[in-house]
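Understanding the architecture of this molecule
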Amino acid sequence: MVPEEPCQCPDCLRFYREHDRLIRENPSLKQQQELNWAALQAFRTLAGRVLEDLQKPPEQQADVEAPPEDESLQQALADLENVNAHLFSIEVFMERIFDVRVPEAVEQKFQELAGELAPDPLNADRLRLNRLLHQSPDLN
Ligand SMILES: [Zn+2]
């Protein structure tokens with residue numbers, strides 16, 4: 001079977017870029033632990049705060065231009081409660097990840113492989129390669 005080409009739609013391209021950036025900027029186990037913990041907590045804080053606000057009587061809610069209709073509001077409340085429950089479960093699992101400490105040699109391995117997985121797009125070699133590609137004569 002021929003492996004499928006990775007999707008090149010704008011959403012996927014943005015995802016690949018973001019994925020590589022997160023590796024490039026957080027190339028150690030410790031940094032990945034901190035990053036993912038912070039992202040999870042930020043998501044929980046914001047989603048929890050929105051849920052709390054939507055449960056208040058309308059006159060006490062934060063101002064929004066178009067308040068949701070009652071039926072879609074009830075659906076949104078149920079969805080957000082599910083999201084928060086899932087985030088809480090993830091937090092419980094993620095706490096286990098934080099029990100892990102690795103020797104310096106293993107952290108070095110993280111950094112080494114991070115450089116291979118997500119090389120700096122602005123590094124000298126890449127820029128030179130791009131210039132070469134752009135200057136290559138049209139072969140048609
Ligand atoms: Zn896609």
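Residues numbered from 1 in each chain as written. Predicted model: local features only at pLDDT ≥ 70, side-chain atom pairs only at ≥ 80, totals over all residues.

**Some details on the overall build of the chain**
Counting its regular elements, the chain contains five helices and zero strands. Counting from the amino terminus, helix and strand elements in the chain follow one another as α-α-α-α-α. For the chain, the proportion of its 140 residues judged to be buried stands at 1%. Sequence separation of 24 or more characterises 73% of the internal contacts of the chain that already satisfy a separation of 6 or more. (Helix = DSSP H or I, 4+ residues; strand = E, 2+ residues; numbered from the N terminus. Buried ≥ 20, exposed ≤ 12 C-beta atoms within 10 Å, placed from the backbone. Contact = placed C-beta atoms within 7 Å.)

**Points about helix 1 (residues 10-25)**
Given a rise of 1.5 Å per residue, 16 residues ought to cover 22 Å, and the 22 Å separating the end C-alpha atoms of helix 1 matches this to within 8%. Counted residue by residue, helix 1 has zero buried out of 16 residues, so it is predominantly exposed. (Expected span 1.5 Å × (residues − 1).)

**With respect to the environment of Gly-115**
Structurally, Gly-115 is set in helix 4 (residues 104-117). Separated by 88 residues in sequence, Gly-115 and Pro-27 place their C-alpha atoms 7.8 Å apart.

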